[in-house]
Amino acid sequence: MLVTIIIVFVLCQLPLLVLNVWYAIDPHGSYESLKFHTLNSIGILLTVFNTSTNFLLYCFFGQKFRLTLLQFILNIFTKNPKDYNLQRQSLVDNKVQLKLLQRRISANQYSITTNDSKTLN
């Protein structure tokens, strides 16, 4: 995850770095150039793009970030936020609970007379 964020950062900041070097070498010629202003606009756009994609990269790659974000959102929108403490549950516990819930749902859809002890076995 960190490598991806660093690569995106370097690629998005590189054009402005090049422009700053160009401006440091030739301040009057670079500022009057149309190419300089075009590349400056592209560099600013890439900087905004980098800032915007950081959140998406963290959501996509960071499991702990996703769990913390989900916990934060649940705390805002629920009446009893302590019921949804996702930080204390491990990923394995969540998968086991999800499988048990899926079994119960599928068992209730196909057979109403089946009790929980048969569906969990």
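Small disclaimer: the values here were computed from a predicted structure and weren't measured.

Visitor: Give a detailed account of the overall build of the protein chain, specifying residues and quantitative values.
Guide: When helices and strands are counted, the protein chain shows six helices and zero strands. Reading the helices (α) and strands (β) of the protein chain from amino to carboxyl end gives α-α-α-α-α-α. Within the protein chain, the fraction of its 121 residues that count as buried is 15%. A total accessible area of about 9800 Å² is found for the protein chain, and carbon and sulfur atoms account for 67% of it.

Visitor: Just give me the short version of the environment of Gly62, but keep the residues and values in it.
Guide: Position of Gly62 relative to the elements: it lies in the loop between helix H3 (34-61) and helix H4 (63-77). On the basis of relative accessible area, Gly62 is assigned to the buried category, the value being 9%. Taking the C-alpha atoms as reference points, Gly62 and Met1, 61 residues apart in sequence, are found 7.1 Å from one another. Not counting residues up to four positions away in its chain, the partners in contact with Gly62 are Met1 and Leu57.

Visitor: Tell me about the confidence of the model for the protein chain, residues and numbers included.
Guide: Looking at the protein chain as a whole, its pLDDT mean stands at 77, while 68% of the residues score no less than 70. Note that pLDDT drops below 50 for residues 110-117; the model gives that stretch three contacts with residues more than four away or on any other chain.

Visitor: Describe the UniProt feature "transmembrane region" (unreviewed entry) in the protein chain, with residues and values.
Guide: Sites flagged by UniProt as "transmembrane region" (unreviewed entry) map to residues 5-25 and 37-61. Taken end to end, residues 5-25 is 100% helix and 0% strand, and its two terminal C-alpha atoms sit 30 Å from one another.

Visitor: Give a detailed account of the packing of aromatic side chains, specifying residues and quantitative values.
Guide: Counted under the stated rule, the structure contains five aromatic pairs. Both rings, one in Tyr58 and one in Phe65, keep their centres 5.6 Å apart while their planes meet at 45°; by these two values the pair is tilted. Counting every residue linked through ring pairs, the aromatic cluster contains Trp22, Tyr23 and Phe36.

Each value, and the rule that gives it
Every chain is numbered independently, its residues counted from 1 as its sequence is written. Local features are withheld for residues below a pLDDT of 70 in this predicted model, meaning they are given only at 70 or higher, and side-chain atom pairs are given and counted only at 80 or more; totals for whole chains, interfaces and linings count all residues. The basis for every side-chain value is the complete set of heavy atoms in the structure, and neither hydrogens nor water enter the calculation. Strands here are runs of E lasting at least two residues and helices are runs of H or I lasting at least four, both read from the DSSP assignment and numbered beginning at the N terminus. Only protein chains enter the accessibility calculation, which uses a 1.4 Å probe; a residue is then buried when its area is under 20% of its type maximum, exposed when over 50%, and partly exposed in between. Values of accessible area rely on a 1.4 Å probe in the Shrake-Rupley scheme; residue burial ignores everything except the protein chains shown. Contact criterion: two residues are considered in contact whenever any of their non-hydrogen atoms come within 4.5 Å of each other. Per residue, pLDDT captures the predictor's confidence, and it can take any value from 0 to 100. UniProt positions are given in the numbering used here, feature names are shortened, and annotations may be inferred rather than shown by experiment. Within 6.5 Å between ring centres, the rings of Phe, Tyr and Trp (the latter by its six-membered ring) count as paired, and their orientation is classed by plane angle as stacked under 30 degrees, edge-to-face over 60, tilted in between.

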